[in-house]
Amino acid sequence: MAFTGRWETETQEGYDAFCKLLGIPDDIIEKGRDYKLITEVTQSGDDFSWTQIYPTDAKVTNKFTIGKECDMETIGGKKFKATVSMEGGKLSVTFPNYHHTSEISGGKLVETSKAGSVVLKRTSRKL
């Protein structure tokens, strides 16, 4: 269960451009730029609970089972249906405006979100 644990952001690349593309207001982008996002993951086989704690103490939890459609929510509160897949140890899911992957690489949680040519890459260390 490689993803299980509590993770804290170490680095992120492409943050401003990605947030602007998603329409996040400048003041929120500013607050989040240097914030150490906390991600809490529990995994039992193909079942996951994935929680992210944001700068405003907002918290979003998505529960999903690999290969099964589920209800998910964005930080903005937008609800949508998605199916998370896993290939080669990498989780993959399409959000309404972007595609997101998560993997464990070198003991770190590496999350990549792509919207067209704009990419946000966040690397987190295990706490």
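Predicted, not measured: the structure shown is a model, and the values here were computed from it. (Residues numbered from 1 in each chain as written. Predicted model: local features only at pLDDT ≥ 70, side-chain atom pairs only at ≥ 80, totals over all residues. Heavy atoms only, no water.)

K.L.:
So what exactly am I meant to see when it comes to the overall build of the protein chain here?
P.N.:
Within the protein chain, the regular secondary structure consists of two helices and eleven strands. Going from N to C terminus, the protein chain has its helices and strands arranged as β-α-α-β-β-β-β-β-β-β-β-β-β. Taken over C-alpha atoms, the radius of gyration comes to 14 Å for the protein chain, in line with the 14 Å a tight globule of 127 residues would show. In terms of overall dimensions, the protein chain has C-alpha extents of about 40 × 30 × 30 Å along its principal axes. Per-residue burial for the protein chain yields a buried fraction of 39% across its 127 residues. For the protein chain, contacts bridging at least 24 residues in sequence account for 39% of all contacts bridging at least 6. (Helix = DSSP H or I, 4+ residues; strand = E, 2+ residues; numbered from the N terminus. Rg over C-alpha atoms; globule rule 2.2 N^0.38 Å. Buried < 20%, exposed > 50% of the residue type's maximum accessible area, 1.4 Å probe, protein only. Contact = heavy atoms within 4.5 Å.)

K.L.:
Please explain the environment of Ala 58 as it appears in this structure.
P.N.:
With respect to the secondary-structure elements, Ala 58 resides in the loop between β3 (47–53) and β4 (59–65). Ala 58 sits 46 residues away from Ile 104 along the chain, and the two C-alpha atoms are 25 Å apart. Non-local contacts of Ala 58, meaning those with residues more than four positions away in its chain, are made with Gln 52, Ile 53 and Ile 75.

K.L.:
Whenever I open this one, the sheet that holds strand β9 (residues 99–105) confuses me. Can you help?
P.N.:
As a general point, the strands of a sheet are linked pairwise by backbone hydrogen bonds and lie either parallel or antiparallel. Within the open sheet, the nine strands sit side by side as β4-β3-β2-β1-β11-β10-β9-β8-β7. Their pairing is antiparallel. Edge positions in the open sheet fall to β4 and β7 (85–87), since each of these has one partner strand only. Within this sheet the neighbouring strands show an average axis-to-axis angle of 25°, counted without direction. By the bridge criterion, seven bridges tie β3 to β4 in an arrangement that is antiparallel. In the sheet register, Gln 52 faces β4, and the bridge partner there is Val 60. (Pairing = 2+ DSSP bridges. Axes fitted to C-alpha atoms, helices over the stretch in contact; angles between N-to-C directions.)

K.L.:
Mind showing me how you'd approach the packing of aromatic side chains here?
P.N.:
Pairs of aromatic rings are described using the distance from one ring centre to the other and the angle between the two planes. Enumeration according to the criterion identifies six aromatic pairs in this entry. An angle of 10° between the planes, with centres 5.0 Å apart, marks the rings of Phe 48 and Phe 64 as stacked. Pair noted here: Phe 48 is in strand β3 and Phe 64 is in strand β4, with a separation of 16 residues, a long-range link. For the residue pair Phe 48 and Phe 64, the accessibility class agrees, reading buried in each case. Relative to Phe 95, the ring of Phe 80 lies with its centre 5.1 Å away and its plane at 50°, an arrangement referred to as tilted. In this pair, Phe 80 is assigned in strand β6 (residues 79–83) and Phe 95 in the loop between β8 (90–94) and β9, connecting sequence segments 15 residues apart. As far as burial versus exposure is concerned, Phe 80 and Phe 95 are alike and both buried. (Phe/Tyr/Trp six-rings, centres within 6.5 Å; stacked < 30°, edge-to-face > 60°.)

K.L.:
It is not clear to me how the nonpolar core should be interpreted in this structure. Could you clarify?
P.N.:
In globular proteins that are soluble, nonpolar side chains generally tend to be buried together. The biggest cluster of nonpolar side chains holds 23 residues, and the ones touching the most others in it are Phe 3, Phe 48, Trp 50, Phe 64, Met 72, Val 84 and Leu 91. Within the residue set of this core, elements represented by two or more residues are α1 (15–21), β3, β5 (69–73), β6, β8 and β10 (108–115). Among the elements that take part in this core, α1 stands out by supplying three residues, more than any other. Each residue touching Phe 3, except ones within four places of it in the same chain, is listed here: Val 41, Gln 43, Phe 48, Trp 50, Met 86, Gly 89, Leu 91, Ser 102, Glu 103, Ile 104 and Leu 109. (Core = buried A, V, L, I, M, F, W, Y, C linked by side-chain atoms within 4.5 Å.)

K.L.:
Would you take a moment to explain the layout of surface pockets for this structure?
P.N.:
Space left empty within the atom packing is revealed by a probe, the size of a water molecule, rolled over the atoms. Put simply, the largest pocket is a space of about 980 Å³. The residue makeup of the lining of the largest pocket, split by class, is 24 nonpolar, 14 polar and four charged. (1 Å grid on protein atoms, 1.4 Å probe; cavity = no way out; pocket = protein on both sides within 12 Å on 5 of 7 lines; lining within 4 Å. Points joined across faces, edges and corners; volume = space filled by probe spheres on them. Nonpolar A, V, L, I, M, F, W, Y, C, P; charged D, E, K, R; others polar.)

K.L.:
I would appreciate a short explanation of the pairing of β8 in the present structure.
P.N.:
Put simply, side chains in a regular strand alternate between the two faces of the sheet. Of the pairings in the sheet, the one linking β7 to β8 comprises three bridges and is antiparallel in character. Looking at the pairing, Met 86 lines up with Leu 91 of β8. Here β7 hands over to β8 after two residues, with Gly 88 in that stretch at a positive phi of 60°. Between the antiparallel neighbours β8 and β9 lie four residues.

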